[in-house]
Every structure is written in structure tokens, then in C-alpha cells.
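Structure assessment
This is what each chain is made of:
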Amino acid sequence: MSDFAYRLTPDGEALPRIGIVVLQVDETSEQDLGRLIPGDAVQLHVTRIASGTELTPETIERMGCDLGGAVSLLPDVPFDVIAYACTSGTTLIGPARVEATLRAVRRTTHVTTPLTAALEAFGHVGARSVGIVSPYIATVAGPIRAAFAAAGFEVPVSISFGEKLEANVARIDPESIVAAGLEAARSATVDCLFLSCTNMRTLAVIDRLEAETGLPVLSSNQTLAWHAARLGKFALARSAPGRLLRD
């Protein structure tokens, strides 16, 4: 048997290469990002990071220690963007530490996270006052509110479901998310709503909440995809929900 001759495709001819680090217990991010990012627009690579069944500051700190190992399971090729798909994880580990860890393990032009993406998106929609809806317990929800405030955004209202189990987070009923979003919009004057957590199923309620509140409604996976697309210079799906993506 003889070897058949072939050639290699130069990297310059390839689509943008995007890497995503998803929590082991996350049942939502890959579905959402697959809906938002067309398969023919990028080369998408996903890896998983070990995470506890409960989301607490302690399990998040362990993720910080395991992040390098998770990223090392991505192909050893240059990336246009690598994203760590955990809002609370980024907040408690720290976006600078997350970025440094990703860059130390894999070559990438850009790094994004739901926290850094959300802050960019707030500026894009002209928001200075943000209402938060999240599934978190207080010790996880509080630091996210503080991170937004430290970045110069007012957070007059933060509503949380107080849920610790990640399996339950992925199953919070959309009607509950809508009700919490409407309550946040009613209870304080805000420029936009942020639905925080990559494991909470929010894409289906964004357009409805925008219609009922008149506010831009942003979510963790939505802003992550939006920021990755801006950094990696590719187009999102035309059916992607929300004023942010239609702009």
C-alpha cells in the first residue's frame, strides 16, 4: 500500500478559531452558544472544567486552580478568542487571573468572559444603571453586584433565586425568570436588565422581557457570544435574540 499525496491548508485560509471553557455541570452554555454562533462562521472548540454540584465560593476557587488543566485540553493551535463561560467564576477568580491562566496555556489573540463581555455590552447599549436577575446564593450574587459597581455602573436592584445546586439552575422555569425580570424593572429605575449565569436558560425570554419592559435585556451567554464575535470578527446567527445582537 502506498501513501496518497495530500496538502495542508494554510492557517490563513481558515475560519476564526474560538475556544470555550464550559463548566462540567453546565447544561446550557453549549446549547446557547451553538444557537448564537453559526457553525459555518467559526471553528468552535469546547473543553470542560471540573466543577462541584453546588456553586459556592469554595467550588469556584477550586475551578481557579483547575482552569489551566481544562484549557490545556483544547487543541494546541493559535486561537482568535478563548472564552471562560462562567460569570460567577470570573468574578470570584478575577478576570485578570482568568486571562493570564488562559494565555499561559494556549496561544490566543483575545480572551473574553461573561463578566468582561457584560461590562462591554452595558457601554454599548448606553446603560449606566443595571438591574440583575441571577440564580445565585448571596455569597456568589454579592460579588457580581460589587464588580459592576466597581466598574462604574449603578446596581439599584439585584434579584436572586438563592439556588445553590447547578442541576436546578439549568431547570429554572422561564416564567420565573420573566417574573423576576419584570419585578426588577418595576422596583427600580434601570437602563437595562442583566440575566446572570451561563447555566440559566435565558435566551428564550430576552425578546419577551424587552417587549414588556422597553429595556435592553442582556444575558451571560448572549453577551459572551456578542463579545467573542466582535473580537473574532465573525457574524452571529440572524435569529439571535435581543436588542444588543440586532444592533
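This text gives an overview of the structure that appears in the document. Keep in mind it's a predicted model, so treat the numbers as computed, not measured. (Residues numbered from 1 in each chain as written. Predicted model: local features only at pLDDT ≥ 70, side-chain atom pairs only at ≥ 80, totals over all residues. Heavy atoms only, no water.)

Summed over the entire model, instances satisfying the criterion amount to 11 salt bridges. Taking the shortest distance from any N to any O, the salt bridge between Arg-107 and Asp-76 comes out at 3.5 Å. Residue Arg-107 is located in the loop between helix H4 (95–105) and strand S4 (108–112), and its partner Asp-76 is located in the loop between helix H2 (57–71) and strand S3 (79–85); the two are separated by 31 residues in the primary sequence. Across the pair Arg-208 and Glu-175 runs a salt bridge whose closest N-O atoms are separated by 2.7 Å. One end of the pair, Arg-208, is in helix H9 (residues 203–213); the other, Glu-175, is in helix H8 (residues 174–187), and 33 residues separate them in sequence. According to the relative accessible area criterion, Arg-208 is partly exposed, its value standing at 35%. Three or more residues joined by partner-sharing salt bridges are found here, namely Asp-76, Arg-106 and Arg-107. (Salt bridge = Lys/Arg side-chain N within 4 Å of Asp/Glu carboxyl O. Helix = DSSP H or I, 4+ residues; strand = E, 2+ residues; numbered from the N terminus. Buried < 20%, exposed > 50% of the residue type's maximum accessible area, 1.4 Å probe, protein only.)

Formed by 79 residues in total, the largest nonpolar core has its most connected members in Tyr-84, Phe-122, Phe-148, Leu-195 and Phe-234. The greatest single-element share of this core, amounting to six residues, is contributed by S3. (Core = buried A, V, L, I, M, F, W, Y, C linked by side-chain atoms within 4.5 Å.)

What follows concerns helix H10 (residues 220–232). Taking 1.5 Å per residue as the helical rise, H10 with its 13 residues ought to reach 18 Å, and the 18 Å between its terminal C-alpha atoms agrees with that figure. Summarising burial for H10: 11 of the 13 residues are buried, a large majority. Along H10, the residues classified as buried are Ser-220, Asn-221, Gln-222, Thr-223, Leu-224, Ala-225, Trp-226, His-227, Ala-228, Ala-229 and Gly-232. Following H10 by one or two positions, Lys-233 adopts a phi angle in the positive range, close to 60°. (Expected span 1.5 Å × (residues − 1).)

In any sheet, the strands associate via hydrogen bonds between backbone groups, in a parallel or an antiparallel arrangement. Read from one edge to the other, the open sheet built from four strands follows the order S2-S1-S3-S4, with strand pairing classed as parallel. A strand with exactly one partner marks an edge of an open sheet, and here the two such strands are strand S2 (43–49) and S4. On average, adjacent strands in this sheet sit at an angle of 20° to one another, irrespective of strand direction. Of the strand pairs in this sheet, strand S1 (residues 17–23) and S2 are connected by seven bridges, and their pairing is parallel. Across the sheet, Val-22 pairs through a bridge with Arg-48, a residue of S2. Packing against the sheet, H10 makes contact with S3 and S4, and its axis sits at approximately 160° to S4. (Pairing = 2+ DSSP bridges. Axes fitted to C-alpha atoms, helices over the stretch in contact; angles between N-to-C directions. Contact = heavy atoms within 4.5 Å.)

Okay, the sheet that holds strand S8 (residues 217–219) next. Sheet architecture is open: four strands sit in the order S6-S5-S7-S8, paired in parallel fashion. Edge positions in the sheet fall to strand S6 (154–160) and S8, since each has one partner strand and no second. Each strand of the sheet is rotated relative to its neighbour by a mean of 20°, with strand direction disregarded. Both strand S5 (residues 129–134) and strand S7 (residues 192–195) contribute to a ladder of four bridges, which runs parallel.

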